Amino acid sequence: MKREYPKQPIVGVGGVVVRGSCVLLVRRGTEPLRGEWSIPGGMLELGESLKDGVRREVEEEAGLRVRPMESIAVVDRVQKNGRRVRFHYVLIDYVCLPAGGRLSPGSDVLDARWVERKELPSYKLWPKTAAVIADAFEWVEKHERPRAGRAH
């Protein structure tokens, strides 16, 4: 399936990986968004579940294994060239927790790093991406933080 000037929308997945007060960002190495910072993600493969796609994409782009917890956003990203649609993605983003691996940028990204929440404005993220990251931090604070104090 052609990514550029496709005949129909392409389904993509993204992983908003939260670790404490940090989120994982990657700097895109290919179009669309070449050179821009974003969350790791990419095209869902035929026969692949959404969560498996998130796991694969985060590991390919950043070298980390993750636990996708819950879908937190469905976003459409359309980029036109005049009247023609150059790119059209329907993106399903999951809040994820780290589960192992070593942070290492993959071949299709220029960089991968943990970014403190307070430093996010300096990365000039797409506004919808920034909103999804904020939602992920909120989700983690609501669902994961209370577990830390429980006795086993």
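Residues numbered from 1 in each chain as written. Predicted model: local features only at pLDDT ≥ 70, side-chain atom pairs only at ≥ 80, totals over all residues. Heavy atoms only, no water.

Moving on: unusual backbone geometry. At Tyr 5, a position not held by glycine, the phi torsion is positive, near 55°. Mapped onto the elements, Tyr 5 comes out in the segment before strand E1 (10-19). Non-glycine residue Lys 124 carries a positive phi angle of around 50°. Counting through the fold element by element, Lys 124 comes out in the loop between strand E7 (109-116) and helix H2 (127-143). (Helix = DSSP H or I, 4+ residues; strand = E, 2+ residues; numbered from the N terminus.)

Our next topic: the packing of aromatic side chains. Working definition: an aromatic ring pair is given by the centre-to-centre distance plus the angle between the planes. Scanning all chains against the criterion turns up two aromatic pairs. Their ring planes at 85° and their centres at 5.1 Å tell us that Trp 37 and Tyr 123 sit as a pair that is edge-to-face. With Trp 37 in strand E3 (residues 37-38) and Tyr 123 in the loop between E7 and H2, this residue pair connects regions lying 86 residues apart in the sequence. For Trp 37, a relative accessible area of 13% translates into the label buried. Here Tyr 123 falls in the buried class, since its relative accessible area comes to 14%. Ring geometry for Phe 87 against Tyr 89: centres 6.4 Å apart, planes inclined by 15°, an arrangement best described as stacked. Overall, Phe 87 belongs to the buried group, its relative accessible area being 3%. On the basis of relative accessibility, which here comes to 9%, the residue Tyr 89 falls in the buried class. Over the ring of Trp 126 we find Arg 77; its NZ or CZ atom is 3.9 Å from the centre of that ring. (Phe/Tyr/Trp six-rings, centres within 6.5 Å; stacked < 30°, edge-to-face > 60°. Buried < 20%, exposed > 50% of the residue type's maximum accessible area, 1.4 Å probe, protein only. Lys NZ or Arg CZ within 6 Å of the ring centre and 35° of its normal.)

What follows is about the pattern of salt bridges. The tally for this structure, following the rule as stated, stands at nine salt bridges. Across the salt bridge formed by Glu 61 and Arg 28, the nearest N and O atoms sit 3.0 Å from each other. Of this pair, Glu 61 sits in helix H1 (residues 50-62) while Arg 28 sits in strand E2 (residues 22-28), placing them 33 residues apart in sequence. For Arg 28, a relative accessible area of 10% gives the class buried. Residue Glu 141 is joined to Arg 117 by a salt bridge in which the shortest nitrogen-to-oxygen separation is 3.0 Å. Here Glu 141 is found in helix H2, whereas its partner Arg 117 is found in the loop between E7 and H2, with 24 residues between them in sequence. Three or more residues are tied together by salt bridges with common partners; here these are Glu 45, Glu 48, Arg 56, Glu 57 and Glu 60. (Salt bridge = Lys/Arg side-chain N within 4 Å of Asp/Glu carboxyl O.)

The end-to-end C-alpha distance of H2 is 24 Å, a good match for the 24 Å that 17 residues give at a rise of 1.5 Å each. Among all positions of H2, only Thr 129, Val 132, Ile 133, Ala 136, Phe 137, Trp 139 and Val 140 are buried. Each buried residue of H2 lies within a common arc of 160° when the element is viewed along its axis, so the set occupies one face. More than 90 degrees from the buried face of H2, the exposed residues found are Pro 127, Glu 138 and Lys 142. (Expected span 1.5 Å × (residues − 1). Arc of directions from axis to C-beta.)

Read these as layout, nothing more, since geometry by itself doesn't imply function.
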